[in-house]
Amino acid sequence: MKKTLSIIMMAALLIIAGACADNARKNLKAGIDSTKSSLPIDLGPIGSFDAISYEEDSNEVIFSYTLNEEYSDMDMMARNDSLQKESICVYLRSEGANKLLSSMCDAGASLTTEFRGSDSGKGHSITFTNDELKALRSQGSKSTAENDEEQLAAMAVSANAECPMDLGDGMVMTEVRMADGFMEYCYETTGEDYNFEPKDMPQIKKNLRDELRTFYSGPVGERFKELFFRTGTGIRYLFHNTDTDVTFEVEFAPAEIRRL
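Now for a description of the structure that goes with this document.

The next thing to look at is the overall build of the protein. Each helix and strand in the protein was counted, giving ten helices and ten strands. Summarising its shape, the C-alpha atoms of the protein cover approximately 65 × 35 × 30 Å along the three principal directions. In the protein, buried positions account for 51% of the 260 residues. The contacts in the protein between residues at least 6 apart in sequence include a share of 64% that link residues at least 24 apart. In the structure as shown, the protein presents an accessible area of about 11,600 Å², 45% of it carried by carbon and sulfur atoms. Both charge centroids of the protein, one from 27 positive and one from 44 negative side chains, sit 7 Å from each other.

A word on a negative patch on the surface. A surface patch of like charges, here negative, comprises Glu 55, Glu 56, Asp 57 and Glu 114. You can call Glu 55 partly exposed: its relative accessible area is 36%.

Quick look at the sheet that holds strand E6 (residues 165-168) now. Spatially, the five strands line up as an open sheet ordered E6-E7-E8-E9-E10, and their pairing is mixed. The sheet is open, and its two borders are formed by E6 and strand E10 (246-252), each paired with just one other strand. Adjacent strand axes in the sheet meet at a mean angle of 25° when their direction is disregarded. Pairing between strand E9 (residues 234-241) and E10: seven bridges, direction antiparallel. Bridge pairing in E10 links Phe 239 to Phe 248. Sheet contacts for helix H7 (residues 144-160): strand E7 (171-179) and strand E8 (182-189); angle to E7, the most-contacted strand, approximately 155°.

Strand order in this open sheet of five strands is E1-E2-E3-E4-E5, and the pairing throughout is mixed. Where the open sheet ends on each side, the last strands, each with one partner, are strand E1 (41-42) and strand E5 (123-128). Bridge count between strand E2 (residues 47-55) and strand E3 (residues 60-67): eight bridges; the pairing is antiparallel. Note on E3: the bridge partner recorded for Ser 48 is Thr 66. Along the sheet, helix H2 (residues 25-33) makes contact with E2 and E3, crossing E2 at roughly 155°. The sheet strands contacting helix H4 (residues 81-92) are strand E4 (110-117) and E5, and the helix crosses E5 at an angle near 55°.

Applying the stated rule across the entire model yields 20 salt bridges. We note a salt bridge from Arg 213 to Asp 210, for which the minimum N-O separation is 3.1 Å. Taken together, the residues Arg 213 and Asp 210, both in helix H8 (residues 201-215) and three residues apart, mark about one turn of the helix. Among the residues examined, Arg 213 registers a relative accessible area of 36% and is labelled partly exposed. Each of Glu 175, Arg 177, Glu 184, Arg 236, Glu 249 and Glu 251 takes part in one network of salt bridges that share partners.

Take H2 next. Listing the buried residues of H2 in full gives Leu 28, Gly 31 and Ile 32. In an axial view of H2, the angular spread of the buried residues amounts to 100°, which keeps them on one side of the axis. On its buried side, H2 packs onto E2, E3 and helix H5 (98-107).

Taking 1.5 Å as the rise per residue, H7 with 17 residues should run 24 Å; its terminal C-alpha atoms sit 24 Å apart, in good agreement. Within H7, the full set of buried residues consists of Asn 147, Asp 148, Gln 151, Leu 152, Ala 154, Met 155, Ala 156, Ser 158 and Ala 159.

Rules used throughout
Residues numbered from 1 in each chain as written. Predicted model: local features only at pLDDT ≥ 70, side-chain atom pairs only at ≥ 80, totals over all residues. Heavy atoms only, no water. Helix = DSSP H or I, 4+ residues; strand = E, 2+ residues; numbered from the N terminus. Buried < 20%, exposed > 50% of the residue type's maximum accessible area, 1.4 Å probe, protein only. Contact = heavy atoms within 4.5 Å. Areas by Shrake-Rupley, 256 points an atom, 1.4 Å probe, with all protein chains shown as cover. Lys, Arg positive; Asp, Glu negative; His and termini not counted. Charge placed at Lys NZ, Arg CZ, Asp CG, Glu CD. Patch = residues over 30% accessible without salt bridge, like charges linked within 9 Å, V, L, I, M, F, W, Y side chains within 5 Å. Salt bridge = Lys/Arg side-chain N within 4 Å of Asp/Glu carboxyl O. Pairing = 2+ DSSP bridges. Axes fitted to C-alpha atoms, helices over the stretch in contact; angles between N-to-C directions. Arc of directions from axis to C-beta. Expected span 1.5 Å × (residues − 1).

The structure is reproduced here in structure tokens:
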């Protein structure tokens, strides 16, 4: 499951909301400095939000993350730079990021988000110039309801960009999409291990529930569980066995996700 960039930016919103003041560089620096005691933030299996800083010489705000490469493909991030950038835009348009966005615009600052792989040490960064930030501000912030929907859509688009993904042992994730009030994860399977029967579904659902519970752990995960609940969006897994041409579905309703 690839939802990392959405959770990464949610972590940033947790600490920047309400932290940034008026419109000069010194106020931007003061707002950024006030958040430092909240870091690092453990993002569970995804990695960590390590630092936020304001570089006065370059007039640049920098978010720094370390990503667990079991969940994040650094090469893929580099290949899909425009997609990653659009995902970040979703969060900059949220009401929670409005003060930070305005402070950066008024200070003439840029924003850079830096990612580093925990194992390979590979790095990737995404930068917004001040003109780009001002263009975002001119669009106006989205209401909470509108931004909630945008966040989930961005999560699905970002995950789908990594498909098809060979997960090994005869399983390939082929697509991630929004459909009928669900975020759907589609898989193709081959081999006897995936000849599921209806009696197997309770155990499969338990295994998936445990995985979701681990992924959405901690304060950032709690925010995402509430996001699914507020939008009335569930999670659905579709396993299509290419040998038997049979598809099994496992669903989690919004209330089930909230209780994880």
